[in-house]
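Listed below are the residues making up each chain.
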Amino acid sequence: MSEKEIHTKETFQVLGMSCAVCALNVETTLGAQEGVYEAKVNFAASTVLVDYNPRVVTPVELQKAVEAAGYDLVVENTEDTDQADRLQREEFLALKRKTIGAIVLAIPVFVIGMFFMHMPYGNWIMLAFTIPVMALFGRGFFVHAYMQLKHGRANMDTLVAVSTGVAFLFSLFNTIWPEYWTSRGLEAHVYYEAAAVIIALILLGRLLEAKAKFSTSTAIKKLMGLQPKTVTKILADGSEEEVPIREVAVGDILVVKPGEKIPVDGEVTEGSSFVDESMITGESLPVEKVKGQPVYAGTINEKGSFRFRADKVGGETVLANIIRMVQEAQGSKAPVQKLVDRIAGIFVPVVMGIAVITFIVWMLAGGDLAFTHALLTSITVLVIACPCALGLATPTAIMVGIGKGAEHNILIKDAESLELMYRVNAIVLDKTGTITEGKPVVTDIHWTGESEDERYRSILLEIERRSEHPLADAVVQKFKGSAVNEISVSDFENQTGKGVTAKVGDETYLVGNRALLEVNHLVLDDDNEKLAVRWEGDGKTVVFFAGENRVLALIAIADKIKESSRQAVATLHEKGIDVYMLTGDNALTARAVADRVGIRHFKAEVMPGEKADFVEALQHEGKVVAMVGDGINDSQALARADVSIAMGKGSDIAMDVAKVTLITSDLNVIPRAIALSRQTVRAIRQNLFWAFIYNIIGIPLAAGVLYGIDGFLLNPMIAAAAMAFSSVSVVTNSLRIKWKKL
């Protein structure tokens, strides 16, 4: 593999971002670094997902680049899952201290400025209270604004720093040299209360916003909380020792006692127990674990005590992969976010331009109070503009939606799938393992003529052992132990969609469906044909075992239909979604299964490649298609569908290809996933609507468009409160997704 092909995806926490423009600046900075393929900032989570080449650029170099841009990238101790929480908490507490300090000092400034403006030494008292608000509690606004200025950029901090800085400097001038105005017959106004209260209110808004944003990441915290911090390890001398989980290596033997969480993935080596795997699989019943059985990190040992060998540790466990998938999905961007990013990129410069124009217009047309009105309105324009609400509108809803999905056994790989899923009007279901349990068993076997002897049974068993088809497993389980002859099989060949052929000695044997018989010009007699048709009418799959010249046996295999399938199909029909079933089985078996679960559209004897063609045909009809499958043979159709859904107990390939993974076998989760998509998209639209409306109405109002009608001018302090409220309201609206039923 060349250096250019090496990809490492890593999520880092970003400190110091104050608005959507900051998120865009961090993305641009990281994206410009050599060796970085892509960087996606999640402003709502204060994280960035970086896809980079570790041989070209290191995390420390990325950190330096981000620091130069005025922010901080946390790269140390990446294995500490509590680190992000700790840093967020520290940042929150620091913000809380600043907010309380700013409010305490701003209150007397507000009281004096609004009610006792002519009291002796009032201006000097307000100055004394305002300086620490500006220099200590509001220092971050000015530092970040300066850092942005050095790079020729502007963000929310720029708006706050310019507006409060101008108000403070103008007031300072009037406090020291009031005679400049009094000598001209004008009053020397000061606006300390505006500067102090604006900073206090914006800090309060960010504090409330940060508190609300903590709630959007509860799903990740819950998943991370499933893994214990320490484990009991068996040492070489047979003694037990409690060690931190990060010290566990592959091959270590660990002990799990009743009530404890299983720390890593592995295989039971000694003892037995029942394990609650509901947090991983969604299945409510505990699963019995004996020697040789797999166990998974995060699941809970209920009764017995057992030892197991660690097979996957750290970031390789099933739980770690689920956490990584959710984190990456929460950091991904919905298509609508691209438009928001473009607007955010020009938002602050446009607002500053509007503020300058507002100042000029008021100076030209403001009359006796021209300068006072020009100053106040331009400050108000800068304060009321809110790129934060725009920046939070989509990512907060996506974070909550994807997090809620994870809590309901729905793993969504990216925001685009979550946004698109609500538009699905056709769902294609694979039969085996999706509608059915995927655990077929042999129910009947009929040997033709004098075929039933130990040799033929041994041949059938040996051929099926080599097959990877789930139906072959059923035959192996049926005859395992009953066939005694040792058989040497050669020239084994898989006939895709038909079955298998193999040679034993000089004779060729076939195991497969009717299509395989037809290709080899083998015909059933009337009695066997009637038997096959009867079994197929009962919803069973018939497998034929044949030699070169005749059919030796008919085997009926049934795959139990999941209890949830019929209800799930009915719910999808109620939502106006067409449901289609695809299967490699014959038409009779397919019809029997379709009738039992209430599916009106089905297609039988479908080859793996034809599944993708079927999906494409539906798309040509104008349908938005979701494909649900669990096997390798579904991967092509999954890749072709608009929304691909893999059942979590299926193959890794299906799960890799699919954009949505259901870590449960319950099909009722599909309607819930669609409901979740609708809730999330509705919240995104509501958030964007209010964010745009707020700015569209607020900025002209701040500029004083109503002054000529009713003499109304918006107070900068009210503008600051409104700006803070807009961001908090967007986050709160997103959090409503958590409380809605699916």
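On a predicted model such as this, the values are computed, not experimentally measured, just so you know. (Residues numbered from 1 in each chain as written. Predicted model: local features only at pLDDT ≥ 70, side-chain atom pairs only at ≥ 80, totals over all residues. Heavy atoms only, no water.)

**A short note on the packing of aromatic side chains**
Applying the stated criterion across every chain yields a total of 13 aromatic pairs. Aromatic side chains Phe168 and Tyr192 sit 6.0 Å apart centroid to centroid with 65 degrees between the ring planes, which places their arrangement in the edge-to-face category. You can see Phe168 sitting in helix H6 (residues 156-176) and its partner Tyr192 sitting in helix H8 (residues 192-216), a full 24 residues away along the chain. Taken as a pair, Phe168 and Tyr192 share a single burial class, namely buried. A ring pair is formed by Phe170 and Phe371, whose centres lie 5.0 Å apart and whose planes are at 45 degrees; its orientation type is tilted. Of this pair, Phe170 sits in helix H6 while Phe371 sits in helix H13 (residues 370-384), placing them 201 residues apart in sequence. A relative accessible area of 13% places Phe170 in the buried class. (Phe/Tyr/Trp six-rings, centres within 6.5 Å; stacked < 30°, edge-to-face > 60°. Helix = DSSP H or I, 4+ residues; strand = E, 2+ residues; numbered from the N terminus. Buried < 20%, exposed > 50% of the residue type's maximum accessible area, 1.4 Å probe, protein only.)

**Here's the deal with the environment of Ser272**
Of note, Ser272 is situated in the loop between strand E8 (265-271) and strand E9 (273-276). Along the chain, Ser272 and Glu288 lie 16 residues apart, while their C-alpha atoms are 7.5 Å from each other. Residues within four places of Ser272 in sequence aside, it is in contact with Lys289, Val290, Gly304, Ser305 and Phe306. (Contact = heavy atoms within 4.5 Å.)

**Let's talk about the UniProt feature "transmembrane region" (unreviewed entry) in the protein**
Summarizing the sequence annotation, UniProt attributes the feature "transmembrane region" (unreviewed entry) to residues 99-118, 124-147, 159-177, 189-208, 343-365, 371-394, 688-707 and 713-735 in the numbering used throughout. Taken end to end, residues 159-177 comprises 95% helix and 0% strand; its first and last C-alpha atoms sit 27 Å apart. Annotated as residues 713-735, this span is 87% helix and 0% strand, and its ends, taken at the C-alpha atoms, are 34 Å apart. (UniProt positions renumbered as here; feature names shortened; annotations may be inferred.)

**Some points on unusual backbone geometry**
With a phi angle near 65 degrees, Asn409 is a residue other than glycine that sits in the positive phi range. You can call Asn409 buried: its relative accessible area is 14%. Phi angles above zero are rare outside glycine, and Asp491 is one such case at about 50 degrees. Position of Asp491 relative to the elements: it lies in strand E17 (residues 489-495).

**As for the UniProt feature "domain: HMA" (unreviewed entry) in the protein**
Residues annotated by UniProt as "domain: HMA" (unreviewed entry) correspond here to residues 8-74. Annotated as 33% helix and 36% strand, the span residues 8-74 places its first and last C-alpha atoms 17 Å apart.

**Re the domain arrangement of the protein**
By the assigned domains, the protein splits into domain 1 (8-78), domain 2 (79-225), domain 3 (230-317), domain 4 (332-409 + 668-741), domain 5 (410-435 + 562-665) and domain 6 (440-559). Here the C-alpha centroids of domain 1 and domain 6 sit 58 Å apart. (Domains from an automatic or database assignment.)

**Considerations on the environment of Glu270**
Relative to the helices and strands, Glu270 is located in strand E8. The class of Glu270 is partly exposed, set by a relative accessible area of 47%. Glu270 sits 15 residues away from Val255 along the chain, and the two C-alpha atoms are 9.4 Å apart. Not counting residues within four places of it along the chain, the set of residues in contact with Glu270 comprises Phe306 and Arg307.

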